[in-house]
Amino acid sequence: MDTYTSPVVNETITPPQTPPTPPEEKKSLLEKISLVVFMITIFILPFAFVPNPYAPVEITKTVVVAFGTLIPLLCLAFLSIKKKTLKIPYHPLLITMGAILLATVLSGFGSASIWKSFIGQGFEVGTVSFLALLFVVATLTVHFTLKNRDRILQIYTALLASFSVVALFHLTRLIFGADFLSFGVLGSLTSSLVGTWYDFGIFASIILLISFFGIKFFTTGKVLKALLFFFLAVSVITVFIVNSALVWLALAIVFLGVSVYEFLSSSAPTFAKKFPVFSLVLLIISLLCVWQGPRIADILASSLQINPTEIALSWRSTLDVATATLKNSPVLGAGPNRFGSEYLLYKPLAVNSTIFWNTEFSNGSGFIPTTLVTGGVLGFALWILFLVFFLKSGISALRHSVDPKTRFVVTSTFFTASFLWVMSILYAPSHAILFFTFLFTGLFITSLFVDNKISFMQVGGGEGGLMKLTVRVALIAFLAFCIIWTIVYAKKAIALSYFRSGIHALNLADSAGLEKAENKFKKSLMYDSSDVYYQALSEITILKITALAQQLQAQADAGAKTLDQETLEKISTLVTSALESTNSAIKLDPTNYYNYISQARISEVATSLKIPNAYENAKASYANALIHNPLNPGLYLSLARLEASQNKMDEAFQNIGNALQLKQNYTEAIFFLSQLQVSQGKIADAITSVLATTQLNPTNPLLFFQLGLLYYNDKQYQEAGVSFSKAVELSPVYANARYFLGLTLARLGRNPEAIAQFEAVLETNPENQEVALIISNLKAGKSPFTDAKPPVDNTPEKRDTLPVKETTSSAPKTKKTP
């Protein structure tokens, strides 16, 4: 076997006593290309992004992972065909990984949307395709590092260099503020190039562990040790700033394992000297940060103005969804990339009382726990089996590692991979961190080869002609599959590019932008059939229909006796076209409730134009949406509005009741309910009813908000002011209650107090131009809505939606995690 040598440190160390391996073959051009592409991918992945608000980071990461993995795979597949031979490593870890992939494929075929499970839009981490890419990452890592294990150090060097770029970037933003180097993409200090803010902390932890083990096992080279201490210090500070309790917990688990390993393997003569001080210090720091994490977070938030907004599903909620899913699909689960749809079906009802009621989670509490829903008992059991084999292999390798170089390779790869797998249990990492999880798993498998723990099976070499032919045909078929796989990702990337350009054009808010957006969406569909693109096309059509309907309304207002038939025919054609788009979307994914909402929106527009059967179609579409998202009160509210538009008040009140039953603190439903009561001329009865309810529930701010709205509509401003004041007293961050309290005070001539209320609203809605206009008018002694332009009018109590948004910091009675 080749002696493992460091390109950085000149040390004389006895090589491990393992059987010699054949000398490394002369590299071909394809081999060099594949290695260079793979190493570049490792280096740029953490900070790869496109400075465009219409190109999210996750899309860029997927493109880098896909092409940084598939290009080397294509090169090596072609090289294998030229050699007419295939060398396959054999180990339980690799076999289990193959079994997981096979089970995931089977689960994908059983999914309600095979397309979404296998590849989706292309950038989701839960698809069969992305999981296959991750397994390829592990395989490529083994391939490249087995031939020359100095490449492990090269990979570490690439990671250290990449972290330097990311850490320097975030450090400058912490110093100069969130607007510095934001590129229109990074909206806050916690927006990270790596992925999420906590992904940044995980990446820093990888560097922490590499530096730690380098310091432990590189006994000479002062410059190297100083550099490693520097990286250790920077990474510890970074993890401290990110301050994720889950990251610190995972580090504590790893450093506990390291401490036990060092203690048991120590040859020190006394018991006291066996204690690994360095490891124990880092263990204690980790435990302290786990214990005092919330207090540290508050200190950092106030001093550095860091306020992470990431939310994750709790273990209990994940288990609730898994339990319900497994009753229907116990063996294979709901299918890859299907956690989000299952969550909508089975989410805990208590979530609706929080600000996360309309949040859709694509993952459970962690990457591994999510597989219990998406892969069923079979998939989850195979993941557990893989982790058992991983742990068993690691313990065995640690026991047999003797010389420092081998110990460095084994300990650094095993414990870093262990940290990443612990994080995959506790958390759902994004693209870059999952890539590194499988990268370090591959490096660990290489370390098993160093310790002579892996066997190889070679086919197509010295076998007979039939075997050689079979191997070559199989390799050609595999090469063809890889080419198709690469083309699919290329088409996905192009389609997403056109789609993002279409969104950008749509935001131009003019007819030219509308046409340009439509063309972009159609080009997206030329490269990739996606229900999201069909939804976008239907929304474009709605905007066109609305514009034509406004023309007809203008004709009617001008006294026209007959409406323009050509315009009516255009509207009819557009409605038909939009329905075709939504039908195509439903065919691609019949379980995506957004597809039915798109269909319902088209039918609602058609209903307003009195097109036959449009009302029935809209009602049926909402009913189908509720089948796939039955716990969403917003759908019942939309149904209530549809029924009210047809003067079906009993049905409208019933649907509002359903919405409030699912979400008792649903302000939008309360708002619409008061509007219906006013329209029915039942204000006095409604006031009496709500007033009695407030006496039974004197701590519910929404009831006082509803009572205030009723008083306001009845022009009883003194009583309205009392009710809105009580709502604000019970929930000081209740933005809409403050808004209407401000209007009420203005009606009563108490402008200074009204201004104070609107300024409080502006703090939680800083981009709300309407509130800014009201404040300006009140300070000038004018009416609140002077110079207001549509869609803003002077009767906010009659609008379809509330005037301001209840943000994370402005919603009453909420929790931070569901």
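Caption draft 1: Highlighting the overall build of the protein chain. Along the backbone of the protein chain there are 32 helices and two strands. When each of the 818 residues of the protein chain is scored for burial, the buried share is 52%. By element, 62% of the accessible surface of the protein chain is carried by carbon and sulfur atoms, the whole surface being about 36500 Å².

Caption draft 2: Highlighting the packing of helix α9 (residues 245–265) against helix α10 (residues 277–291). Contact geometry for α9 and α10: axes closest at 8 Å, N-to-C directions at 155°. By the angle between their directions, the pair α9 and α10 is classed as roughly antiparallel. The way α9 lies across α10 gives a crossing that is left-handed. Note on element contacts: α10 touches α9 through S279, L280, L282, L283, I285, S286, L287, C289 and V290, opposite A245, W248, L249, L251, A252, F255, L256, V258, S259 and E262. Across the contact of α9 with α10, the residue classes tally to 15 nonpolar, three polar and one charged.

Caption draft 3: Spatial organisation of helix α30 (residues 735–747). Taking 1.5 Å per residue as the helical rise, α30 with its 13 residues ought to reach 18 Å, and the 19 Å between its terminal C-alpha atoms agrees with that figure. Taking burial as the measure, the 13 residues of α30 include 12 buried ones, the bulk of the element. Along α30, the residues that are buried comprise A735, N736, A737, R738, Y739, F740, L741, G742, L743, T744, L745 and A746. For α30, the secondary structure elements touched by its buried residues are α26 (667–679), α28 (701–713), α29 (717–730), α31 (751–764) and α32 (769–779).

Caption draft 4: Layout of the pattern of salt bridges. For the structure on display, the rule yields 16 salt bridges. Linking K116 and D531 is a salt bridge whose minimum nitrogen-to-oxygen distance equals 3.6 Å. Here D531 lies in helix α20 (residues 531–557) and K116 lies in helix α4 (residues 114–118), a separation of 415 residues in the sequence. A relative accessible area of 0% means that D531 is categorised as buried. Salt bridges linked by common partners bring K116, R338, D531 and D589 together as one network.

Caption draft 5: Broad picture of the nonpolar core. The biggest cluster of nonpolar side chains holds 129 residues, and the ones touching the most others in it are I42, F203, W383, F419, F436 and F438. Ranked by the residues each element gives to this core, the list is headed by helix α7 (residues 197–217), at 15 residues. With residues up to four places along the chain from it excluded, the contact list for F438 reads M97, L131, L134, F135, V137, A138, W383 and W421. A600, L702, Y712 and L778 belong to the second largest nonpolar core, which has 81 residues in total.

Caption draft 6: Spotlight on unusual backbone geometry. Although it is not a glycine, N243 sits at a positive phi angle of roughly 55°. Topologically, N243 is positioned in the loop between α8 (222–242) and α9. On the basis of relative accessibility, which here comes to 9%, the residue N243 falls in the buried class. One non-glycine residue, N647, adopts positive backbone phi at about 60°. Here N647 falls in the exposed class, since its relative accessible area comes to 59%.

Caption draft 7: Layout of the packing of aromatic side chains. In the structure shown here, the tally under the stated rule is 45 aromatic pairs. Ring plane angle 55° and centroid distance 5.0 Å describe the contact between F212 and F278, whose orientation is recorded as tilted. Of this pair, F212 sits in helix α7 while F278 sits in helix α10, and the two are 66 residues apart along the sequence. Judged by its relative accessible area of 1%, F212 is buried. Look at F278 and you get partly exposed, because its relative accessible area is 25%. Both rings, one in Y739 and one in F758, keep their centres 5.5 Å apart while their planes meet at 90°; by these two values the pair is edge-to-face. Residue Y739 is located in helix α30, and its partner F758 is located in helix α31; the two are separated by 19 residues in the primary sequence. Each member of the pair, Y739 together with F758, is buried. Among the aromatic side chains, those forming a connected cluster through ring pairs are F212, F213, F255, Y261, F278, F390, F414, F415 and F444. The cationic tip of R641 hangs over the ring face of F672; the distance from NZ or CZ to the ring centre is 5.5 Å.

Caption draft 8: Summary view of the packing of helix α6 (residues 151–176) against helix α16 (residues 404–426). Orientation of α6 relative to α16, taken along the N-to-C sense of each, is 45°, at an axis distance of 11 Å. Relative to α16, α6 is oriented oblique. Here α6 runs over α16; the crossing is left-handed. Between α6 and α16, the contacting residues are I152, L153 and Y156 on the first element and F408, V409, S412 and T413 on the second. When its residues are assigned to classes, the contact of α6 with α16 shows five nonpolar, two polar and no charged.

Caption draft 9: A look at the side chain of S259. With respect to the helices and strands, S259 occurs in helix α9. S259 has contacts with P276, S279, L280 and L283, leaving out every residue within four places of it along the chain.

Caption draft 10: Quick look at a nonpolar patch on the surface. A contiguous nonpolar surface patch, about 690 Å² in accessible area, is contributed by L168, L171, I175, F176, F180, L181 and F183. Of note, I175 is situated in helix α6. Assessed through its relative accessible area of 58%, I175 is described here as exposed.

Caption draft 11: Structural context of the side chain of Q535. Residue placement: Q535 occurs in helix α20. Take Q535: its relative accessible area is 15%, and that puts it in the buried class. With near-sequence residues (within four places) excluded, Q535 lies in contact with N592, Y594, N595 and S598.

Caption draft 12: Up close: the environment of A659. On the secondary structure map, A659 appears in helix α25 (residues 649–662). Residues A659 and N632, 27 residues apart in the sequence, show an inter-C-alpha distance of 7.8 Å. Once residues within four sequence positions are removed from consideration, A659 is found in contact with P633, Y636, L637, Y666 and A669.

Caption draft 13: Here's a closer look at the confidence of the model for the protein chain. Taken residue by residue, the protein chain gives an average pLDDT of 85. The fraction at 70 or more is 87%. Mean pLDDT across the secondary structure elements of the protein chain bottoms out at strand β2 (residues 455–459), with 61, and peaks at helix α14 (residues 367–374), with 96. Low pLDDT, under 50, characterises residues 1–26; the stretch is placed with 45 contacts to residues that sit more than four places away or in other chains. Low pLDDT, under 50, characterises residues 808–817; the predicted model gives this stretch 28 contacts beyond four residues in sequence or across chains.

Caption draft 14: A look at helix α3 (residues 92–109). With 18 residues, α3 extends 26 Å between its outermost C-alpha atoms, agreeing within 8% with the 26 Å of an ideal straight helix rising 1.5 Å per residue. By the burial criterion, the buried members of α3 are L93, L94, T96, M97, I100, A103, T104, S107 and G108.

Caption draft 15: Layout of the environment of L74. Tracing the chain through its elements places L74 in helix α2 (residues 57–83). Taking the C-alpha atoms as reference points, L74 and T486, separated by 412 residues in sequence, lie 8.8 Å from one another. Filtering out sequence-adjacent residues up to four positions away, L74 remains in contact with L479, C482, I483 and T486.

Caption draft 16: A look at the environment of F440. Checked against the element boundaries, F440 lands in helix α17 (residues 431–450). The spacing of F440 and I152 is 288 residues in sequence and 9.7 Å in space, taken between C-alpha atoms. Among residues more than four places away in sequence, those in contact with F440 are Y156, L159, I206, I210, T413, T416, A417 and L420.

Procedures and definitions
- Residues numbered from 1 in each chain as written.
- Predicted model: local features only at pLDDT ≥ 70, side-chain atom pairs only at ≥ 80, totals over all residues.
- Heavy atoms only, no water.
- Helix = DSSP H or I, 4+ residues; strand = E, 2+ residues; numbered from the N terminus.
- Buried < 20%, exposed > 50% of the residue type's maximum accessible area, 1.4 Å probe, protein only.
- Areas by Shrake-Rupley, 256 points an atom, 1.4 Å probe, with all protein chains shown as cover.
- Axes fitted to C-alpha atoms, helices over the stretch in contact; angles between N-to-C directions.
- Parallel < 35°, antiparallel > 145°, perpendicular 65-115°, else oblique.
- Left-handed = near helix turned anticlockwise from the far one by under 90°.
- Contact = heavy atoms within 4.5 Å.
- Nonpolar A, V, L, I, M, F, W, Y, C, P; charged D, E, K, R; others polar.
- Expected span 1.5 Å × (residues − 1).
- Salt bridge = Lys/Arg side-chain N within 4 Å of Asp/Glu carboxyl O.
- Core = buried A, V, L, I, M, F, W, Y, C linked by side-chain atoms within 4.5 Å.
- Phe/Tyr/Trp six-rings, centres within 6.5 Å; stacked < 30°, edge-to-face > 60°.
- Lys NZ or Arg CZ within 6 Å of the ring centre and 35° of its normal.
- Patch = residues over 30% accessible without salt bridge, like charges linked within 9 Å, V, L, I, M, F, W, Y side chains within 5 Å.
- pLDDT = per-residue confidence, 0-100.

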